[in-house]
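Below, each chain spelled out in residue letters.
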Amino acid sequence: MIAITREVSTSLAHCELSFLQRSPIDVTLARAQHRAYQQALEQLGCTLVALPTLAEMPDAVFVEDVAIVTDEVAVMARTGAVSRRGEGASAAAALRAYRPVRTIEAPGTIDGGDVLRIGRRIFIGDSARTNADGTAQLTAILAPFGYTVERVPIRECLHLKSAVTALDDTRVLLQPAWVDASAFSDFGIVETDPSEEHAANVLRVGTHVMSPASFPRTHARLRAAGVSVVPVDVSEIQRAEGAVTCCSILLRETA
Ligand code: CIR
C-alpha cells in the first residue's frame, strides 16, 4: 500500500470547525503526533508519500478529503469548504504517478471523508460538504468499473466516516447516534461505546485498524470482536475535527 500524507500546516489552529468548539491546538505536538501516525502506517507495511506543507491552508493535513482513489482511478474532489479548494493540486500531481486522474466539477461538491468504499459498494454521506451533484458525478465516473453508489443520511457530524468506517470487507464500526444502521444491513455491525462519541472513525490497514488512543472502551469492543486495534494519539488532530482516516489516502501500489 501507498499512504499519501501531508505535513501539518503552521496555521492548523485556523482550521474549519463545524460541530466542535475551538480549543487551543499545539502545532508542535500535532506534528509529533502526525509523525507517529506516519510511522504507524509504515510499520503496518505502507510506503509513505509525504506531500509538502501548505502553510496557508490550515486543513491541508486532512488529505483524505481531496481525492477518492480506487484501484482504477483517482477522482479529485471539489471540497465542500471553499477554504479547502486549493489543497488538491499538489495531491493530484502526486496521484498521477499511480492512477489516471479525473475531477469533480462545479457545482458538484464532495469531501473524501464522506466516501466509504467496501469492496465494490460505495457509501456517500449526505452531509453539508457533499451535494447530490458531486455524488452523481462520482457515481458516473465509477460505474464503468462496477461500483455501485448509495447515498446515506447522517446527522450531527461532519462526514459519513465520522459515523461509520469499515473494519474489514464484512463488518463496520458504527456510531448509532449519527447514522442509521439500516444502510449497512448487509454487514456485521460493531457499535461504538456510547461514552465515546467520535470513536467510529478507524483506518483499516490490511488486517489491522488504526484508531485514536482516546477511545479505550470502543477498543475493548473491537478486540472482543477479534479486531486488531492499533491505537495512535491524535489529540491535536481531533481538536481540528479530524481523526485517523482523514490524514492519509491509501492506495494499492499496483492496481
Ligand atoms: C474540516 O472541517 O474540513 C477539517 N477541519 C477537518 C476535516 C476532517 N476530515 C476528515 O475527517 N475526512
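Nothing here was measured: the structure is a model prediction, and the numbers come from that model.

The rules behind each value
In this convention, every chain numbers its residues from 1, walking through the sequence in written order. Local features in this predicted model are restricted to residues whose pLDDT is 70 or higher, and side-chain atom pairs enter the listing and the counts only when it is 80 or higher, whereas totals over whole chains, interfaces and linings include all residues. Values shown for side chains rest on all heavy atoms present in the structure; no hydrogens or waters enter the calculation. Helix and strand assignments follow DSSP, with helices taken as H or I runs no shorter than four residues and strands as E runs no shorter than two, numbered in order from the N terminus. As defined in this context, the radius of gyration uses C-alpha atoms, and a globule is described by 2.2 Å times the residue total to the power 0.38. The buried label applies to any residue whose accessible area, calculated with a 1.4 Å probe on protein chains only, is under 20% of its type's maximum; exposed applies above 50%, and partly exposed to all values in between. Residues count as neighbours in contact if any of their non-hydrogen atoms are within 4.5 Å of one another. Using the Shrake-Rupley algorithm and a 1.4 Å probe, accessible areas are obtained, with residue cover drawn only from the displayed protein chains. For the purpose of charge, His is not counted, nor are the chain termini; Lys and Arg are scored as positive and Asp and Glu as negative. Note on charges: their place is set at NZ of Lys, CZ of Arg, CG of Asp or CD of Glu. In these notes, residues near a molecule or strand are those with any non-hydrogen atom within 4 Å of it. Side-chain atoms alone can form a polar contact between residues adjacent in sequence; in general such a contact is a pair of N or O atoms within 3.5 Å, and within protein one must be able to donate a hydrogen while the other accepts it. Gly is put with the polar residues, along with every residue not named as nonpolar or charged; the nonpolar set is Ala, Val, Leu, Ile, Met, Phe, Trp, Tyr, Cys and Pro, and the charged set is Asp, Glu, Lys and Arg. Note: two strands are recorded as paired if DSSP finds a minimum of 2 bridges between them. Interaxial angle, 0 to 180 degrees, is taken between N-to-C directions of lines fitted to C-alpha atoms, where a helix line uses only the stretch in contact. For this document, the term salt bridge refers to a Lys or Arg side-chain nitrogen within 4 Å of an Asp or Glu carboxyl oxygen. Look down the strands so they point away from you; if going from the first strand over the helix to the second traces a clockwise path, that crossover is right-handed. Here, the term nonpolar core denotes a set of buried Ala, Val, Leu, Ile, Met, Phe, Trp, Tyr and Cys residues that are joined through side-chain atoms within 4.5 Å.

A. Representation of the overall build of the protein chain. Regarding its fold elements, the protein chain presents six helices and 15 strands. Here the C-alpha atoms of the protein chain give a radius of gyration of 17 Å, agreeing with the 18 Å that 2.2 N^0.38 yields for 255 residues. With the principal axes as the frame, the protein chain shows a C-alpha extent of 45 × 40 × 35 Å. Going through the 255 residues of the protein chain one by one, you find that 53% of them count as buried. In the protein chain, of all internal contacts separated by at least 6 residues, the share reaching a separation of at least 24 is 68%. A total of about 10,500 Å² of accessible surface is found on the protein chain, and carbon and sulfur atoms cover 53% of it. The positive charge centre, built from 24 side chains, and the negative charge centre, built from 30, are 3 Å apart in the protein chain.

B. Representation of the site of the ligand. Of all residues adjacent to the ligand, which total 13 residues, the nearest are Glu-16, Asp-59, Glu-64, Asp-65 and Ala-240. Between the ligand and Glu-64, the relevant distance is 2.8 Å, taken from a nitrogen atom to a side-chain nitrogen or oxygen of the residue. Taken by itself the ligand offers 350 Å² of open surface, and the protein chains cover 97% of this. Here the shell around the ligand is built from residues that sort into four nonpolar, two polar and seven charged.

C. A look at the sheet that holds strand S9 (residues 164-166). If you walk across this open sheet you meet the three strands as S9-S10-S11, and the pairing is mixed. What marks the edges here is a single partner per strand, and that holds for S9 and strand S11 (188-191). When the angles between neighbouring strand axes are averaged without regard to direction, this sheet yields 25 degrees. Across four bridges, the pairing between strand S10 (residues 171-174) and S11 is parallel. Paired with Leu-174 across the bridge in S11 is Glu-191.

D. Region of the structure containing the pattern of salt bridges. Scanning the entire structure with this criterion turns up 14 salt bridges. With a shortest N-O distance of 2.7 Å, Lys-161 and Glu-64 are connected by a salt bridge. Note that Lys-161 is positioned in helix H4 (residues 160-163) and Glu-64 in the loop between strand S2 (47-51) and strand S3 (67-69), a separation of 97 residues in sequence. In this structure, Lys-161 and Glu-64 share a single accessibility class: buried. One salt bridge connects Arg-204 with Asp-169, and the closest N-O pair in it is separated by 2.9 Å. With Arg-204 in strand S12 (residues 203-205) and Asp-169 in the loop between S9 and S10, this pair connects stretches of sequence that are 35 residues apart. With relative accessibility at 48%, the residue Asp-169 sits in the partly exposed group. Salt bridges linked by common partners bring Asp-65, Arg-84 and Glu-87 together as one network.

E. The pairing of strand S8 (residues 148-153), seen in detail. Relative to S8, strand S7 (residues 121-126) is paired through six bridges, and the arrangement is parallel. Across the sheet, residue Gly-125 finds its bridge partner in S8, namely Val-152. Handedness of the β-α-β unit built from S7, helix H3 (residues 132-142) and S8 comes out right-handed.

F. Examining the nonpolar core more closely. Core analysis: the largest hydrophobic core is formed by 25 residues, its most contacted members being Leu-12, Leu-41, Phe-62 and Leu-203. When contributions to this core are tallied by element, the ones reaching two or more residues are helix H1 (27-43) and S12. The element that contributes the greatest number of residues to this core is H1, accounting for five residues. For Leu-12, the residues in contact, after removing those within four places along its chain, are Ile-25, Val-27, Ala-30, Pro-58, Val-61, Phe-62 and Ala-240.

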